[in-house]
Amino acid sequence: MTDKLHLSPEDDFPAELGKVKDSELQVLDSQVQRQLDYEVVAEGEPNPETEFRHYELDEEFADRDKR
């Protein structure tokens, strides 16, 4: 996992979140959330890819909570 604070839409994103460790998933979620916040402030709206990643992460966390 990267040490970057943000995960831009151009950065790599795991194809299968189910294979990502919990701690790495939390870091990834923080990076995507920071990027989402940045896009809203700087550009007025989020990039569709960032929104999709945010949704995918929320779904993965919900799935893990059910286990």
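Reference entry: report on the structure contained in this document. (Residues numbered from 1 in each chain as written. Predicted model: local features only at pLDDT ≥ 70, side-chain atom pairs only at ≥ 80, totals over all residues. Heavy atoms only, no water.)

A short note on the nonpolar core
In this structure, Leu 7, Leu 17, Val 20, Leu 25, Leu 28, Val 32 and Leu 57 together form the largest nonpolar core, which totals 7 residues. Ranked by residue count, the leading element in this core is helix α1 (residues 22–43), at 3 residues. Residues within four places of Leu 7 in sequence aside, it is in contact with Asp 12, Phe 13, Leu 28, Gln 31, Val 32, Gln 35 and Arg 53. (Core = buried A, V, L, I, M, F, W, Y, C linked by side-chain atoms within 4.5 Å. Buried < 20%, exposed > 50% of the residue type's maximum accessible area, 1.4 Å probe, protein only. Helix = DSSP H or I, 4+ residues; strand = E, 2+ residues; numbered from the N terminus. Contact = heavy atoms within 4.5 Å.)

Topic: the pattern of salt bridges
Applying the stated rule across the entire model yields 5 salt bridges. As a salt-bridge pair, Arg 64 and Asp 22 come within 2.4 Å of each other at their nearest N and O atoms. Of this pair, Arg 64 sits in helix α2 (residues 48–66) while Asp 22 sits in helix α1, and the two are 42 residues apart along the sequence. What makes Arg 64 buried here is its relative accessible area of 15%. A salt bridge links Arg 53 to Glu 49; the nearest nitrogen and oxygen atoms lie 3.1 Å apart. (Salt bridge = Lys/Arg side-chain N within 4 Å of Asp/Glu carboxyl O.)

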